[in-house]
Amino acid sequence: MPTMPAIPPQAHPDTPVSTGSATPTAPPEEPRRTAFAEGVDRLRTAATTEPGRLRIIGALLAALVVAFGAVTAWQMADREAAADDVLHKSQPLSSAAADIYRSLADANTAASSGFLAGGQETADSRRRYEEDIDKAAAGLVKAAANSDPDSPAAATVTKLNRLLPEYKGLIERARTYNRQGFPVGGAYLRYANEKMQQDMLPAAEDLYKKENQRLRADYDDATPYPWAAIGLGVVALAGLAWAQHRNYRRTNRVLNHGLVAATATTTVVLLWLVVGHSVARAGLNDSYDHGVRSLNVLHDARIASLKARGNENLTLVARGAETVTVKNAKGEEESKDKYDNSFQTDMKTLGKGLAEAAKLADDTSGKKPVTAAEGNMTEWQKRHLDARAQDENGDYEQALDKVIGPEGATGECFDSVDANLARALTHEEAEFKRAAGDGLGAMTGLSVGAAVLAVLGAAGAVLGIGRRLSEYR
């Protein structure tokens, strides 16, 4: 038998092999890869196959449609809230601030009229004064309830709440001394008027301006176009169109039901967004141009008439005790009664305000009371000149009768101006509410509807892509 070749002895597996040189080191371990890197690799690998590409396209389309709906819902919810504040909060508070000013000015006018009547002060004059004070106090309570504790408006309200009792105390002292026939009553009335004109009315005007700024800020929040949502909607539609074109080129199938549904819902949301917000914007702009602007002018005109009436009364109360130096038409300085000079200034402001209100009035119902107030103002100025002539001739009682008398007095003209301005304000208030309500109504349901339709659109895109994926199984 042939002999088998000898097998050299083998080393035990656990016995180290000596090579006559240094022992080699094990190769270094590769660093562990992050989940993100592995995900990128899987995505890259998937992108090389048609099913992987379809999954990526479906995810991107769904994300685009959902993002479009989310941004639309977010932006329109903010604008709807701002429009609601315009209609139900900031504009009513602006009007309430104007009413506080008007109530204070009218209370001052009623107090001076009652003072001129002396012991024959009528019950109507007293009642008017008390009602104005109560209205001002109620308006301050409302303003305080709707102001932030640390806001400038809250500080102004606090100041007016402190000054109002002080003013009432001065008026009561003036009445007491006047009924007793003491001349010091006139001094107290002038001091009360000074507190009203220099402290209270400027503070009320400041509150009115702050509320108007708040109203303007709400308009600025409600009217800008939601460009982010519109841009996302255009991008989502472009992505859906591209996906359907790609599907047609690869399969020769004209329509994919899921992608068509997603495109339809996205188009509906985009059109609803653009058209709805445009209608709302038009309504809000109309409410500002033909409502808020007219209201502001009419409020200013009414305040000017109240201040003019108060200064007219104080002209007879002071009887030349206070004068100011002014320049006449020739540029020469002359001394004039302080309150009569203020009356002339207030009447000029009233005339400008009525002229501006007539321009802003866009219908007969709004222009008619303004035109009537202009006629009342003209007659008021004529009667005032007649009363001043009687006073300067030394006939004080006749002048007093022409200012606060029962017939043919300037008081009748003032009451007519005030009543006509009140009618104009009521009309413009209704115009504002109608236009602002239309603007708010155009936004109603848009944020919720956009979110729901976006979810449906995303589901349609996923189902449409899923239908194509099922062909590979």
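Check the entry above for the structure.
Below is a short write-up of the structure.

1. Side note on empty space enclosed by the protein
Tallied over the entire structure, the rule returns five cavities of 30 Å³ or more. The space that makes up the largest cavity amounts to roughly 60 Å³. Around the largest cavity, the lining comprises 10 residues; the ones closest to its centre are Leu54, Ala243, Arg246, Asn247 and Ile465. If you list the elements that add at least two residues to the lining of the largest cavity, you get helix 2 (50–117), helix 6 (227–251) and helix 12 (446–469). When its residues are assigned to classes, the lining of the largest cavity shows five nonpolar, two polar and three charged. Estimates place the volume of the second largest cavity at around 50 Å³. The wall of the second largest cavity is formed by Glu312, Thr315, Leu316, His384, Ala387, Arg388, Asp391, Ala399 and Val403.

2. Digging into the packing of helix 7 (residues 257–318) against helix 11 (residues 410–443)
Two numbers describe how helix 7 lies on helix 11: the axes approach to 8 Å, and their chain directions differ by 165°. Viewed along their axes, helix 7 and helix 11 adopt a mutual orientation that is roughly antiparallel. Judged by the sense of rotation from one axis to the other, the crossing of helix 7 with helix 11 is left-handed. Split into classes, the residues belonging to the contact of helix 7 with helix 11 amount to 19 nonpolar, 12 polar and nine charged.

3. Describing helix 3 (residues 123–145)
In a regular helix each residue adds 1.5 Å, so 23 residues correspond to 33 Å; helix 3 covers 33 Å between its end C-alpha atoms and thus fits that length. Ser125, Tyr129, Asp132, Ile133, Ala136, Gly139, Leu140 and Ala143 are the residues of helix 3 that are buried.

4. Details of the layout of surface pockets
What the largest pocket holds in volume is close to 550 Å³. When contributions to the lining of the largest pocket are tallied by element, the ones reaching two or more residues are helix 2, helix 3, helix 10 (396–404) and helix 11. In terms of residue count, the dominant contributor to the lining of the largest pocket is helix 2 (six residues). Considering only residue class, the lining of the largest pocket consists of seven nonpolar, eight polar and nine charged.

5. Quick word on a nonpolar patch on the surface
Taken together, Val274, Val275 and Val279 make up a surface patch of nonpolar side chains, about 220 Å² in accessible area. Locating Val279 in the fold gives a position in helix 7. Residue Val279 is classed as partly exposed on the basis of its relative accessible area, which comes to 47%.

6. Section: the packing of aromatic side chains
Applying the stated criterion to the full structure yields five aromatic pairs. A ring pair is formed by Tyr177 and Tyr188, whose centres lie 5.5 Å apart and whose planes are at 20°; its orientation type is stacked. On the criterion of sequence distance, the pair formed by Tyr177 in helix 4 (residues 152–179) and Tyr188 in helix 5 (residues 184–222) is long-range, its members being 11 residues apart. Tyr177 gets classed as partly exposed once you look at its relative accessible area, which sits at 28%. Using a relative accessible area of 21% as the deciding quantity, one classes Tyr188 as partly exposed.

7. Some words on the packing of helix 2 against helix 3
Between two packed helices, what matters for the description is the angle formed by their axes and the separation of those axes. At a minimum axis distance of 8 Å, the contact between helix 2 and helix 3 shows a crossing angle of 155°. The pairing of helix 2 with helix 3 is recorded here as roughly antiparallel in orientation. Crossing of helix 2 against helix 3: the hand is left-handed. Where helix 2 approaches helix 3, its residues Leu93, Ala96, Ile100, Arg102, Ser103, Leu104, Asp106, Ala107, Ala110, Ala111, Ser113 and Gly114 are matched on the opposing element by Ser125, Arg128, Tyr129, Asp132, Ile133, Lys135, Ala136, Gly139, Leu140, Lys142 and Ala143.

8. Looking at the side chain of Asn193
Looking at the secondary structure, you find Asn193 in helix 5. With sequence-adjacent residues up to four places away left out, Asn193 is seen in contact with Asn108, Leu314 and Tyr339.

9. Here we look at the nonpolar core
Of all hydrophobic cores here, the largest spans 94 residues; its most connected members are Leu104, Tyr167, Leu350 and Trp380. Not counting chain neighbours up to four residues away, the residues in contact with Leu104 comprise Ala136, Leu160, Leu164, Met196, Met200, Leu201 and Ala204. Among the nonpolar cores identified, the runner-up in size contains 13 residues, and Leu54, Ala454, Ala458 and Ile465 belong to it.

10. Considering the environment of Thr323
When you line up the elements, Thr323 lands in strand 1 (residues 323–327). Linking Thr323 and Lys336, residues 13 residues apart in sequence, is a C-alpha distance of 5.4 Å. Residues in contact with Thr323, not counting those within four places in the same chain, are Ser335, Lys336, Asp337 and Lys338.

11. Focus on the environment of Tyr396
Structurally, the position occupied by Tyr396 is in helix 10. For the pair formed by Tyr396 and Leu316, sequence separation is 80 residues and the distance between their alpha carbons is 8.1 Å.

Cut-off values and rules
- Here the residue index of a chain counts from 1 through its sequence in written order.
- At least 70 in pLDDT is required for a residue's local features to be given in this predicted model, at least 80 for side-chain atom pairs to be given and counted, and no such filter applies to totals for whole chains, interfaces and linings, which use all residues.
- Side-chain calculation: all heavy atoms of the structure are included, whereas hydrogens and water are not.
- Every definition here rests on a 1 Å grid over the protein atoms only: cavities are sets of points where a 1.4 Å probe fits but cannot get out, pockets are open sets enclosed by protein on both sides within 12 Å along at least five of seven lines, and lining residues have some atom within 4 Å of a point.
- Grid points are joined across faces, edges and corners, and a volume is the space filled by probe spheres set on the points.
- Per the convention used, a helix needs a DSSP run of H or I reaching at least four residues, while a strand needs a run of E reaching at least two, with both numbered from the N terminus.
- Only Asp, Glu, Lys and Arg are considered charged in this grouping, and only Ala, Val, Leu, Ile, Met, Phe, Trp, Tyr, Cys and Pro are considered nonpolar; every other residue, Gly among them, is considered polar.
- The angle between two axes is taken between their N-to-C directions and runs from 0 to 180 degrees, where each axis is a line fitted to C-alpha atoms and a helix contributes only its stretch in contact.
- Orientation is classified from the angle alone, with under 35 degrees giving roughly parallel, over 145 giving roughly antiparallel, 65 to 115 giving roughly perpendicular, and any other angle giving oblique.
- Crossing handedness follows the turn of the near helix against the far one: under a right angle anticlockwise gives a left-handed crossing, and clockwise gives a right-handed one.
- Helices are assigned an expected span. That span is 1.5 Å times one less than the residue count.
- Any residue under 20% of the maximum accessible area for its type is buried, any over 50% is exposed, and the rest in between are partly exposed; the area is computed with a 1.4 Å probe on protein chains only.
- Patches here: salt-bridge-free residues with over 30% relative accessible area, like charges joined within 9 Å, nonpolar side chains (Val, Leu, Ile, Met, Phe, Trp, Tyr) joined within 5 Å.
- Note on areas: these come from Shrake-Rupley sampling with a 1.4 Å probe, and a residue is covered only by the protein chains present in the view.
- One speaks of a salt bridge when a side-chain nitrogen belonging to Lys or Arg is within 4 Å of a carboxyl oxygen belonging to Asp or Glu.
- Centres within 6.5 Å are what make two rings of Phe, Tyr or Trp a pair, Trp counting through its six-membered ring; a difference in plane orientation under 30 degrees is then read as stacked, over 60 as edge-to-face, and the rest as tilted.
- Should any heavy atoms of two residues lie within 4.5 Å, those residues are counted as being in contact.
- What we call a nonpolar core is a set of buried Ala, Val, Leu, Ile, Met, Phe, Trp, Tyr and Cys residues that are connected through their side-chain atoms within 4.5 Å.

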